[in-house]
Amino acid sequence: MENGGLAVYFGENLAQILSQKIKAVYPKFDAQSYCYQIVKSTPNFGYSQRILAHANALNELLPPDFKRMAEILVAILGEENPNETGMFKHFYWTLPLAKYVEIYGLDDFETSMSAIEEITKRGTGEYAVRAFIKKYPQDSLKTMTQWARSSNFHLRRLASEGLRPKLPWASKLELFISDPSPVFAVLEILKEDEVRFVQRSVANNVADYLKVNFAATKELLVRWQSSPNKNTQQIIRHATRKIKI
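These numbers were taken from a predicted model, which means no experiment stands behind them.

With that out of the way, let us pick up the side chain of Asn-229. Residue position: Asn-229 is located in the loop between helix 12 (214-225) and helix 13 (230-239). A distance of 2.8 Å separates the side chain of Asn-229 from the backbone nitrogen of Asn-231, its partner in a polar contact. Residue contacts for Asn-229: discarding those within four places in its chain leaves Lys-191 and Glu-192.

So this is what it looks like as structure tokens:
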């Protein structure tokens, strides 16, 4: 089974959790049909297939208007996550919501990016946002530049994590490999970030680019190496821990 033990969290139990949350803000929601669809379709599914099944079932049972659907999903998110940890442990239930936006919101950039922003403050939109980067590269870069300057560290991390060319469990983002300067411009904003959660993402992004465009990334690191900032130096150490520059 793909990603082994994770799949167990995305079956009927999650359908019941999401049903309860949705009915609280949208009483018309057919929780029985939702749970039935998940029970029927997911027993032999792996982790990612189950998340997709939830997203598809939500699409069938919630209002067809995407803006209204996104409004309902954002309304169930609850309090923001104040911690650097817990996005998968405590907010795993948001993953189908992000998948829904990724698949069914692709023609509504503004609504979708706003929803991804809110989801990321609890769970993560690092996978969902990549579909929008591919379809709307310039608009996405503009939004992610704004996120990089946000006071919310989850959004600052997303600005980096979503732009990683080799993000684990995600398709390769090849758009900027030959010319990573648009991505590096975002990382420049983040290179002195005080939050370790953000630092690790920036370092992992740089480490990815060392594998796919070594020359351009080496130039970036040479510039950064002259910085006296301790956070920048920490990022460099983590990014280069497995490779000699």
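Attention now moves to the domain arrangement of the protein. For the protein, the assigned domains are domain 1 (1-125) and domain 2 (140-244). Using C-alpha coordinates to define each centre, domain 1 is positioned 28 Å away from domain 2. Each partner contributes to the interface: domain 1 provides 17 residues, whereas domain 2 provides 13 residues. With both chains or domains summed, domain 1 and domain 2 bury close to 1300 Å², and 66% of this area falls on carbon and sulfur atoms. Summed over the shared surface of domain 1 and domain 2, the result is 0 salt bridges. Linking domain 1 to domain 2 there are 5 residue pairs in polar contact (both at pLDDT 80 or more). In terms of residue count, the dominant contributor to the side of domain 1 that touches domain 2 is helix 6 (residues 109-120) (5 residues). Looking at the side of domain 1 that touches domain 2, its residues break down into 7 nonpolar, 6 polar and 4 charged.

A word on the packing of aromatic side chains. In total, this model carries 11 aromatic pairs according to the counting rule given. Ring pairs connect the aromatic residues Tyr-9, Phe-10, Tyr-47, Tyr-92 and Trp-169, which therefore count as one cluster. It is Lys-21 that lies over the ring of Trp-93; its NZ or CZ is 4.2 Å from the centre.

Rules of the game
Residues numbered from 1 in each chain as written. Predicted model: local features only at pLDDT ≥ 70, side-chain atom pairs only at ≥ 80, totals over all residues. Heavy atoms only, no water. Helix = DSSP H or I, 4+ residues; strand = E, 2+ residues; numbered from the N terminus. Polar contact = N/O pair within 3.5 Å; in protein donor to acceptor, adjacent residues only side chain to side chain. Contact = heavy atoms within 4.5 Å. Domains from an automatic or database assignment. Buried area = accessible area lost by both parts, 1.4 Å probe. Salt bridge = Lys/Arg side-chain N within 4 Å of Asp/Glu carboxyl O. Nonpolar A, V, L, I, M, F, W, Y, C, P; charged D, E, K, R; others polar. Phe/Tyr/Trp six-rings, centres within 6.5 Å; stacked < 30°, edge-to-face > 60°. Lys NZ or Arg CZ within 6 Å of the ring centre and 35° of its normal.

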